[in-house]
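Listed here are the chains, written in short residue letters.
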Amino acid sequence: MREAKEGGLAAVQCYRCLVYCRLRPVQPDEDAGIYKHLKLRKQSITVDETTYVFDRTFKPRGTQEAVFQEVARPLVDHVVEGYNAAITAYGQPGTGKSFTMSNFKPGQEGIIPRSAGHLFELIENTPTKTFSLSANFVQIYRDKLTDLMDEGQARVVVRFTKEKGVELINCTTVQIGSKEDFMAMYREGVSRSVVRPTKKSPESSRGHTALVLHVRVSSNGPADVSKRASGKITFLDLAGCDQRLEEPPCHQNTAGEVKQINASLASLGAVVAALSACRKKVPWNQSGLTRLMQDSLGGTCRSAVVHTVGPAAVDNLPAAEHGFALCNRAMAIRSVAKQELAIDYQKLAAQLQAELNAKNAKIDSLERAAKRRAVEDFRLEARLAGDTQRLRRHHADELRQLVAAGATPGTIQRLLDVHATEDEDLQDEHHNEREFAQEQRAGKLRDLQDEHHNEREFALEQRSGKLQDLQDRHHNERGFAQENRAGTLQDLQDEQHNEREFAQEQRADKLQDLQGATQRRAGGSEELKEVNDAQQNSGKGGAGVHATVGRDDAASAQSAAEVASLRREIEAMKQAAAARAPNLSETEAAHAQCACMLEEVRAQNESLAKASSANVAQFKRLESDIEQLKAANSAAHQHHTSLKSKLEDTRQQLSSLQAHHEQAHE
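Basis of the calculations
- Residues numbered from 1 in each chain as written.
- Predicted model: local features only at pLDDT ≥ 70, side-chain atom pairs only at ≥ 80, totals over all residues.
- Heavy atoms only, no water.
- Core = buried A, V, L, I, M, F, W, Y, C linked by side-chain atoms within 4.5 Å.
- Buried < 20%, exposed > 50% of the residue type's maximum accessible area, 1.4 Å probe, protein only.
- Helix = DSSP H or I, 4+ residues; strand = E, 2+ residues; numbered from the N terminus.
- Contact = heavy atoms within 4.5 Å.
- Axes fitted to C-alpha atoms, helices over the stretch in contact; angles between N-to-C directions.
- Parallel < 35°, antiparallel > 145°, perpendicular 65-115°, else oblique.
- Left-handed = near helix turned anticlockwise from the far one by under 90°.
- Nonpolar A, V, L, I, M, F, W, Y, C, P; charged D, E, K, R; others polar.
- Polar contact = N/O pair within 3.5 Å; in protein donor to acceptor, adjacent residues only side chain to side chain.
- Pairing = 2+ DSSP bridges.

A. Representation of the nonpolar core within the structure. Counting residues in hydrophobic clusters, the biggest one holds 48 residues, and the most contacted among them are Leu 168, Leu 292, Leu 297 and Phe 324. Counting residues per element, this core draws most heavily on helix α5 (residues 254-276), at seven residues. If sequence neighbours within four positions are ignored, Leu 297 has contacts with Cys 17, Leu 268, Val 272, Leu 275, Trp 284, Ser 303 and Ile 333. With 39 residues, the next largest nonpolar core counts Leu 75, Ala 85, Phe 120 and Val 217 among its residues.

Written as structure tokens, this is what we have:
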């Protein structure tokens, strides 16, 4: 069987990297250390006189549940809708990164187990959708990417494409059917990761770990049977950066491990600096860590970073400030998250064919019902006509027999009265049968009209609901894009303002230098004048004059060179400002794509309206058929009336015959 071809519908949203800071509690045997120099607020930390801003800070007494609700839950909900997300734990050794991310102690679960639990709660509470979960678990040890779900820890290759993002080649994919399966898989991977005791932590990760959880969602309902959403969330637990090697090291490999960890984190800092400065060239290939995070920072993921801080010694304060500065730069990174909806055209064709078959079956049933009613009406009129003819023949036979028997006129009149009563009863019976048949047809017609009206109202409600949802979503995306453009424009304006101020300061400094050079030249001229005067007085000093003139020429050349250099710097600043202008077009492109999606939805609504109009036209044709049947019934009624009039004529003829017979008898 051929595989169904799939296409994609992508909704684009722009997000900024969210950065949180969490302070580890002070243990009983620890000193507050750098905490004495920190001033913690809800969204900032001040070190001495320098303030670092975050999206949220968590105090040492902050709970795991609060961290999960603020950091991870929105991203997990985002992934179920078909987006990608990434959560990164960053900090020095012994600051609580692993506790924040992967702690399994009951009541103190970290982000990863809580995210898995929340995801399976969503699965249980959404019976109308089918979820498919799979996971990859890798570790970067000494800048080598290995598969933690493989006993031999095979080497894994990172491949990045703009269409699919980061792909892990030669990596084991584990299918997950329950929360227990997830926990067993995660514990198995953690058991293979490299963990060693250090002076700062009894169980310190010697490599970076990444857990990639893929979520595929398909609808069980008839409305979206052909659509499947696909998203992934990456949990990154980075090893801590040691500013100094341990003396003596706790393990013979510690020195090499620390060098590799520091090198990879340094390359991460270079990537963050390039992305925050909107540089075109980003050094992704400097390390395996940056290659793995290529779509987690500034790619297609909605990103969050949790920076953990511990009460280290006061001499470690510069390292803490370095981490704060890095996280502040990461807050300037923006990503374009795309919602991927895969369309199974085979299922879509089957769904449309089923709907078409249902419509055709309904049309066939209506046509059969109309034909059946026509046949029933014909049979009813034929039966009524037969009853009338049989009654007339019976009346004629009785009258002939009575006349042949020589009955008196009174007897014949009584017979005619009986015949008239029987004829009236038959007509009343026929009339009641026709009215009953018409009432039955009218009831069925009302039922059909009500059913069609309800279906039309339901379809209109569905279309209006979907249109309202898309309009709300487009409004939110447009508002976010406008805010994003405004923020980007403000950042560029601030940056240009700072550059202009810096350039003005530079020009002022150079102007002062030029003024100094001019003053020196003026001093040289005065000196030259004095030398000339002295030469005229003494006839000597020619060499001094030439030397002074040479210094004057050199100062003039230097001033001209400084002016030219200043002009070149101004031109370079203008070119840099022009180079930053294309960054504003990204959000405009996202806005245009959202507008195109809305136009597509409107076109779909128009096609649905046309289909509804076709159904209305078909219903009107059925109504016209019913009107024709009513006209046929009315014609049959007129025919019956004409037959009744003929019967009256026959009665009059019988009366005349009876009168003639009486005259003949007299």
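B. Highlighting unusual backbone geometry. Of note in the backbone geometry, Arg 142 takes a positive phi value of approximately 55° without being a glycine. At Asn 170, a position not held by glycine, the phi torsion is positive, near 65°. Mapped onto the fold, Asn 170 is located in the loop between β11 (165-169) and β12 (174-176). Of the residues examined, Asn 170 reaches a relative accessible area of 53% and is grouped as exposed.

C. Representation of the packing of helix α3 (residues 111-124) against helix α4 (residues 179-192) in the model. Where α3 contacts α4, the axes come no closer than 10 Å and their chain directions differ by 155°. Classed by the angle they form, the pair α3 and α4 counts as roughly antiparallel. Once α3 is placed against α4, the crossing between them reads as right-handed. Contacts from Ile 112, Pro 113, Ala 116, Gly 117 and Phe 120 of α3 reach α4 at Lys 179, Phe 182, Met 183 and Tyr 186. Considering only residue class, the contact of α3 with α4 consists of seven nonpolar, one polar and one charged.

D. Broad picture of the environment of Thr 173. Mapped onto the elements of the fold, Thr 173 is located in the loop between β11 and β12. Separated by 26 residues in the primary sequence, Thr 173 and Asp 147 place their C-alpha atoms 9.9 Å from one another. Setting aside residues up to four positions removed in sequence, Thr 173 forms contacts with Ser 134, Ala 135 and Asn 136. Looking at Thr 173, its side chain comes within polar contact range of the side chain of Asn 136, at 3.1 Å.

E. Structural detail: the sheet that holds strand β5 (residues 50-53). Taken in spatial order, the three strands line up as β3-β4-β5 in an open sheet, and their pairing is antiparallel. The two strands at the open ends of the sheet, each matched to only one other strand, are β3 (38-40) and β5. Strand after strand, the sheet turns through a mean of 20° between neighbouring axes, direction not considered. The sheet contacts of helix α7 (residues 317-330) involve β3, β4 (44-47) and β5, and relative to β5 the element is tilted by about 45°.

F. Highlighting the pairing of strand β8 (residues 129-141). Burial within β8 is extensive, with 10 of its 13 residues counted as buried. Pairing of β8 with strand β15 (residues 208-219) involves 12 bridges; the strand directions are antiparallel. Across the sheet, Gln 139 pairs through a bridge with Thr 209, a residue of β15. Note that β8 and β12 share three bridges and pair antiparallel. Pairing of Ser 134 across the sheet is with Gln 175, part of β12. Sheet topology places β8 next to strand β9 (residues 144-147); four bridges connect them, and they run antiparallel. Of the residues in β9, the one forming a bridge with Val 138 is Asp 147.

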